[in-house]
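# Observations on chain architecture
Residue-level listing of the chains:
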Amino acid sequence: MIGRHRDKVIASVAEALAPVTDGMTILVGGFGLSGNPEALIRGVIERGVRDLTLVSNNAGNLGKGLAQWLRAGILRKVICSYIGGNDELHTRRASGEIAVEINPQGTLVERMRAAGAGIPAFYTPTGVGTVVEHGKETKEIDGRRYVLERALPGDIALVRAHVADRFGNLRFWRTARSIPTTFTSPASTSTASSTSPSTRTRSSSAP
Amino acid sequence: MSSSPSTPVIPWSSEDMARRAAREIPAGAVVNLGIGLPTQVADYLPVGHAWLHSENGLLGMGPFPFEGDEDPNLINAGKQTVTILPGGSTFDSAASFAMIRGGHVDLAILGAMQVSATGDLANWAVPGGKVMGIGGAMDLASGCRHVIAMMQHVTKKQEHKLVSACDYPLTAARVVSLVITDLGVFEPSGDGFRVVELAPGVTRDYAQARTGAPLG
């Protein structure tokens, strides 16, 4: 794509979320209540899109953040690593309203890292001998058994950064970095909101 | 070794268990302390004795902050605010789990529901119970060089938790090298558990009656 070095700072959440459409797979940063892109999470609801697949570590915590997407009924599927006390997800999983896929946390993030790095699948020792390996290919390499996990690409990533510039470079603060930087690499588009509320950056991370 | 029937059994408190677990941590080790009971182990480590790793992306974790000094963007895997020591670092989740999976974390001390004589660990789901999720449990259990399990010796209903074979869903197979309970310290030996240490007043017979595999 030519001309991608345009100014990526966008004045409004609505404009930043213009690429979001029905049925997309959206990767959302944040671990617990840290690093959640709250303004963008609200913006997706206001955009009125539906049938989304959400990839997130917790998919909402204590009724906050992504729990708003659960209540808004805009999700078809959630891929996460930990539900914990997220009662709204427990309820919707039990009723069949939302399909839930649970991955070990390291496998979840490596699936996204792999997608961003152009690796379609990888062997990992995590989950061998457990329910996680059911239905998946396994292989013994140098005397140890591994399970084959597939890359997990997304259509768009929503993250919260500490500082953003007009080129789309982001800085994160402390452990708020954890999920967001992993999430930006596999998405065809990444949208970040910085802690400065007037500044939104949309940056394409496609190679 | 027998003791008179009048010797009172004094099971270890969670503080005793944490203090005992801290003794298993060599100076300079990279250690991940699981959520719950294992988090308390940090209270019995001199600050800077070991490099504490938190799987959300922190190495060199310090004590809990004083009131007013909390940073909501500096948290541990249990989502509690923490501090970072000089020389500590933060990194993204993919790097954090590469450290774990790649064997760069020397030791994980993890809570457990069941541990088998062969070292199988079950700590993420109760059969028929609500599925809470896996989080970092499977990566830590299968990736760290050594795994120590910390748990009460039996359930509240007096069911065995040290067993011949786990009937709870496994977290990882053949990974636990030591189990610390309120009754003592036990080492999975394949067909049973070797008694390493017993809490005050706990006899081998007392522990055996509460263990679902032979004690050696």
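Anything mentioned here points back to the structure above.
These numbers were taken from a predicted model, which means no experiment stands behind them.

Rules of the game
Just so you know, the residues in each chain are numbered from 1, in the order the chain's sequence is written. Chain letters and ligand numbers both follow the written order, the letters beginning at A and the numbers at 1. Only residues with pLDDT of at least 70 get local features here, since the model is predicted, and only at 80 or more are side-chain atom pairs given and counted; chain-wide, interface and lining totals rely on the full set of residues. The basis for every side-chain value is the complete set of non-hydrogen atoms in the structure, without hydrogens or water. Helix numbering and strand numbering both begin at the N terminus, where a helix is a DSSP run of H or I of at least 4 residues and a strand a DSSP run of E of at least 2. Three labels apply to residues, based on accessible area from a 1.4 Å probe with only protein chains included: buried if under 20% of the type maximum, exposed if over 50%, partly exposed otherwise in between. Only heavy atoms enter the contact rule, under which two residues are in contact if any of them lie within 4.5 Å. Working definition of accessibility: Shrake-Rupley area with a 1.4 Å probe, residue cover restricted to the visible protein chains. Pairs of strands are assigned from DSSP output, requiring at least two bridges between the strands. Note on terms: buried area is the combined drop in 1.4 Å-probe accessible area of two parts once they are placed together, counting the loss on both. When a carboxyl oxygen of Asp or Glu is within 4 Å of a side-chain nitrogen of Lys or Arg, the pair counts as a salt bridge. To qualify as a nonpolar core, a set must consist of buried Ala, Val, Leu, Ile, Met, Phe, Trp, Tyr and Cys residues joined through side-chain atoms within 4.5 Å. Angles shown run from 0 to 180 degrees and are taken between the N-to-C directions of axes, each axis being a line fitted to C-alpha atoms and, for helices, limited to the stretch in contact. N or O atoms closer than or at 3.5 Å make up a polar contact, with two conditions inside protein: a donor-capable atom paired with an acceptor-capable one, and, for residues adjacent in sequence, both atoms drawn from side chains. Stacked, tilted and edge-to-face are the three classes assigned to paired rings of Phe, Tyr and Trp, where Trp is represented by its six-membered ring and a pair needs centres within 6.5 Å; plane angles under 30 degrees give stacked, over 60 edge-to-face, the rest tilted. Counting as a charge over the ring demands two things of the Lys NZ or Arg CZ atom: a distance within 6 Å of the ring centre and an angle within 35 degrees of the ring normal. The handedness rule is simple: strands pointing away from the viewer, and a clockwise path from the first strand over the helix to the second, make the crossover right-handed.

As a further point, take the overall build of chain A. Regarding its fold elements, chain A presents six helices and 13 strands. Residue burial in chain A is summarised as follows: out of 207 residues, 55% are buried. Long-range contacts, defined as pairs at least 24 residues apart, comprise 62% of the intrachain contacts of chain A with a sequence gap of at least 6. Roughly 8,900 Å² of accessible area belongs to chain A as shown, and the carbon and sulfur atoms make up 49% of that amount.

A regular strand places its side chains so that they alternate between the two faces of the sheet. Residue and element names in this part refer to chain B. Two strands pair when backbone bridges link them, and strand S11 (residues 184-188) and strand S12 (residues 193-198) are joined in this way by five bridges, in the antiparallel orientation. Bridge assignment links Phe 186 to a residue of S12, and that residue is Val 195. Between S11 and S12, which follow one another and run antiparallel, lie four residues, and Gly 190 among them has a positive phi close to 105°.

Right, let's get into the interface of chain A and chain B. At the interface, 41 residues of chain A touch 34 residues of chain B. Interface of chain A and chain B: buried area, both sides summed, is about 2,900 Å²; carbon and sulfur atoms make up 59% of it. A per-residue breakdown of the area chain A buries against chain B is headed by A:Phe31, A:Arg174 and A:Thr175, which together make up 20% of the total. Viewed at the interface, chain B and chain A are joined by one salt bridge. The residue A:Asp87 makes a salt bridge to B:Lys130 at a minimum N-O spacing of 3.6 Å.

Before going further, it helps to spend a moment on the sheet that holds strand S9 (residues 162-163) of chain B. All names here are of chain B. Overall, mixed pairing links the three strands, which are arranged S7-S6-S9 in an open sheet. Each edge of the sheet is formed by a strand with only one pairing partner; in this case those strands are strand S7 (121-122) and S9. Here strand S6 (residues 114-116) runs beside S9; their pairing, made up of two bridges, is parallel. Bridge pairing links Val 115 to Leu 162 in S9.

One broad trend across soluble globular proteins is that nonpolar side chains are buried collectively. B:Ile25, B:Val41, B:Ile109, B:Val115, B:Leu121 and B:Phe193 are the most contacted members of the largest nonpolar core, which totals 75 residues. Counting 33 residues, the second-largest nonpolar core is a separate cluster that includes A:Ala39, A:Ala59, A:Ile156 and B:Ala125.

What follows concerns the sheet that holds strand S8 (residues 144-150) of chain A. All names here are of chain A. Strand order in the open sheet formed by three strands is S6-S8-S7, and the pairing between neighbours is antiparallel. Each having just a single partner strand, strand S6 (121-124) and strand S7 (138-141) make up the two edges of the open sheet. Strand-to-strand, the axes of this sheet are offset by a mean angle of 35°, without reference to chain direction. Alignment of S7 against S8, held across four bridges, turns out to be antiparallel. In the strand pairing of S8, Glu 140 is matched with Arg 145. Seen against the sheet, helix H5 (residues 105-116) touches S6 and S8 and runs at an angle of roughly 145° to S6.

The next point concerns the side chain of A:Thr124. With respect to the helices and strands, A:Thr124 occurs in strand S6. At a separation of 3.2 Å, a polar atom in the side chain of A:Thr124 contacts the main-chain amide nitrogen of A:Thr126. Beyond its immediate sequence surroundings of up to four residues, A:Thr124 is in contact with A:Thr107, A:Tyr146, A:Val147, A:Glu149 and B:Arg101.

Further remarks concern the environment of B:Leu140. Residue and element names in this part refer to chain B. With respect to the helices, strands and loops of the structure, Leu 140 is situated in helix H3 (residues 137-143). On the accessibility criterion, Leu 140 (3% relative accessible area) is buried. Expressed as a C-alpha distance, the spacing of Leu 140 and Gly 103, which sit 37 residues apart in the sequence, is 9.5 Å. For Leu 140, the residues in contact, after removing those within four places along its chain, are Asn 32, Glu 55, Ile 100, Ala 108, Leu 110 and Val 147.

This part covers the packing of aromatic side chains. With the rule as written, the count across this model stands at zero aromatic pairs over all chains. The side chain of B:Lys79 reaches across the aromatic face of A:Phe31, ending 4.9 Å from its centre. Sitting above the plane of the B:Tyr206 ring, B:Arg210 keeps its charged end 3.5 Å from the centroid.

Looking now at the pairing of strand S4 (residues 75-80) of chain A. Residues and elements named next belong to chain A. With four bridges joining them, strand S3 (residues 52-55) and S4 adopt parallel strand pairing. Its bridge partner being in S4, Thr 53 is matched across the sheet by Lys 77. For the segment spanning S3, helix H3 (residues 67-72) and S4, crossover handedness is right-handed. Two strands pair when backbone bridges link them, and S4 and strand S5 (residues 99-102) are joined in this way by four bridges, in the parallel orientation. The residue of S5 that forms the bridge with Ile 79 is Glu 101. Following the backbone out of S4, through helix H4 (residues 87-94) and into the adjacent parallel S5, one traces a crossover that is right-handed.

Tracing the sequence through the fold places A:Thr175 in the loop between strand S11 (170-171) and helix H6 (178-184). When its relative accessible area of 1% is taken as the criterion, A:Thr175 is described as buried. A:Thr175 sits 45 residues away from A:Thr130 along the chain, and the two C-alpha atoms are 30 Å apart. The residues contacting A:Thr175, other than those within four sequence positions of it, are A:Ser34, B:Asn56, B:Gly57, B:Leu58, B:Asn73, B:Leu74, B:Ile75 and B:Thr90. There is a polar contact of 2.9 Å between the side chain of A:Thr175 and the backbone oxygen of B:Asn73.

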